[in-house]
Amino acid sequence: AYANGQKVPHPDVPQPFRAIGAVDGSYGPFVNLAGRKTPDGHPVSWRNGGWGKLSKALRVEAQDDRDLTPDELNGNWAVENLRKIRGLKGWRPFFMGVGFIRPHTPLIAPKRFFDLFPLEEIQLPEILAGDVDDTFARTIRGIPNGVEPTSPRTEDMGARLFKQLVASYPTKEEALRRFIQAYLASVASVDEQIGRIMEAVKESGLEDDTIIIVTSDHGWGMGEKDYLYKNSLWQESTQVPLIVRAPGSAKKGAICEQPVSLIDLYPSLIDLCGLQGDTRRNEKGRPLDGHSIKPLLENPESGKWSGPPEALTALYKWRMKYDPAKESYSLRAKDWRYVRYENGKEELYHTENDPLEWRNLAQDDKMGDRLAHFRKRLKNRLPEAGLIPPQPPFKPKEIIDPKTSAEAWKDKYFSRHPKADANKDGKLTWQEYKAYREKFDPPPKKPQQEQQK
């Protein structure tokens, strides 16, 4: 929603949750906002398409009289292009990437999708009282377990959203039902678009030789461990959907228990499509990090997997200098999850017996060998010290002022190529830079695009 020149939460979201903001503090159906105002009296309208100049008005007169959402427009684009391919003579193999915004926050979707999930029928997640007490997620903010944060900045975002949501309704159960309903409605709205694309593939005669992958970037905690957000290292946040339809390779309806990562998708597509060649742009590049999941698609139970036995999740700490040794990580093996926070605190869950990760075994004396195993596995996955060059101090002006930023970049190039200073006056002009690079350090040429027959 939009009011007084800025984005605001859905007008029906109660306080204090709506105070979180227009993105993470907003959920609800598209409704006609005629006559609706913010608590301080500003008219409210719908907008979409991003921030600033990228946003535009979204007309909603009624449920069947409104502008299309960005996800609906993306779905239309995919369907229209698939139908065009059907009519082309001599069309060639293609790649189509289709992205959808939902169920990213704000969880706003057409009302008919909310109607699919009556509040009284929503199944709540299994939540263990006090489950957060043996975890250490909050300690990376410097907050000991059991101590209330002094301000929102020192509070973990997931804990803050959970606490504010519960405070906005008479009961915790109603609070979670309201939010989960919006999440499910958002998922259903995207599911409809995926169904339209699948139908278009079938109608276009591409069904028998088209690989389709459905995935996402992260999960979302729904109150487990008093957490309502992404950016955790537990199952709810780190697990993503990964559905692969690969005619001739994938077994219909099969499920594979081997943890894999999104980094494996590119090499998997190369393998499934039988593509050959070097994926590096030039000799300065490096081979792909991922591994093909094709053997697992062909034989989900005993296919030969060349990748690591665990899926790695990295939780980056917001700061201006990246140090891989000081981030937080999770390793998810088939039957175990190991978590190591940047401060050295650890969590260990035997997911075979404890799928909801209720019991942290890291303090169990019997788990010494298991912990040592995962510590070694994590160390082997991280870059060695010194491989990543130190970053220069952050200077806000270099980011805000493009001219200053360009000069800083040119000076950095000069430090690596002192011979570019043609007149030897200790300064590198743009003319000297261009002349030197054209002669001695030309940028790699883009491969000539093969003309479509």
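No experiment lies behind these values; they were computed from the predicted model shown. (Residues numbered from 1 in each chain as written. Predicted model: local features only at pLDDT ≥ 70, side-chain atom pairs only at ≥ 80, totals over all residues. Heavy atoms only, no water.)

Q: I would appreciate a short explanation of helix H3 (residues 157-167) in the present structure.
A: Every α-helix carries 3.6 residues per turn, so stepping three or four residues along brings you back to the same face. Among the residues of H3, those classed as buried are Gly 158, Ala 159, Arg 160, Leu 161, Phe 162, Gln 164 and Leu 165. Where H3 is buried, its residues contact strand E3 (27-29) and helix H4 (172-203). (Buried < 20%, exposed > 50% of the residue type's maximum accessible area, 1.4 Å probe, protein only. Helix = DSSP H or I, 4+ residues; strand = E, 2+ residues; numbered from the N terminus. Contact = heavy atoms within 4.5 Å.)

Q: I'm lost on the layout of surface pockets in this one. Help?
A: Rolled over the atoms, a probe sized like a water molecule indicates the empty space that remains. Estimated volume of the second largest pocket: approximately 1400 Å³. If you go around the second largest pocket, you meet 44 residues; those closest to its centre are Val 240, Pro 241, Leu 242, Gln 258 and Val 260. Elements represented by at least two residues in the lining of the second largest pocket include exactly helix H5 (235-238), strand E10 (242-245), helix H7 (294-298) and strand E11 (311-315). A total of five residues in the lining of the second largest pocket trace back to one element, the largest contributor, which is E11. Of the residues that constitute the lining of the second largest pocket, the class distribution is 22 nonpolar, twelve polar and ten charged. (1 Å grid on protein atoms, 1.4 Å probe; cavity = no way out; pocket = protein on both sides within 12 Å on 5 of 7 lines; lining within 4 Å. Points joined across faces, edges and corners; volume = space filled by probe spheres on them. Nonpolar A, V, L, I, M, F, W, Y, C, P; charged D, E, K, R; others polar.)

Q: Is there a simple way to think about the sheet that holds E11 in this case?
A: Where strands meet in a sheet, backbone hydrogen bonds hold them as pairs that are either parallel or antiparallel. Here we have four strands laid out as an open sheet, ordered E11-E12-E13-E14, and antiparallel in their pairing. Edge positions in the sheet fall to E11 and strand E14 (346-350), since each has one partner strand and no second. Averaged over neighbouring strand pairs, the angle between their axes works out to 10° when direction is ignored. Bridge analysis of E11 against strand E12 (residues 328-332) gives five bridges, and the strand direction is antiparallel. Residue pairing in the sheet places Leu 312 in a bridge with Leu 331 of E12. Docked against the sheet, helix H8 (residues 368-381) engages E11, E12, strand E13 (336-340) and E14, running at close to 65° with respect to E13. (Pairing = 2+ DSSP bridges. Axes fitted to C-alpha atoms, helices over the stretch in contact; angles between N-to-C directions.)

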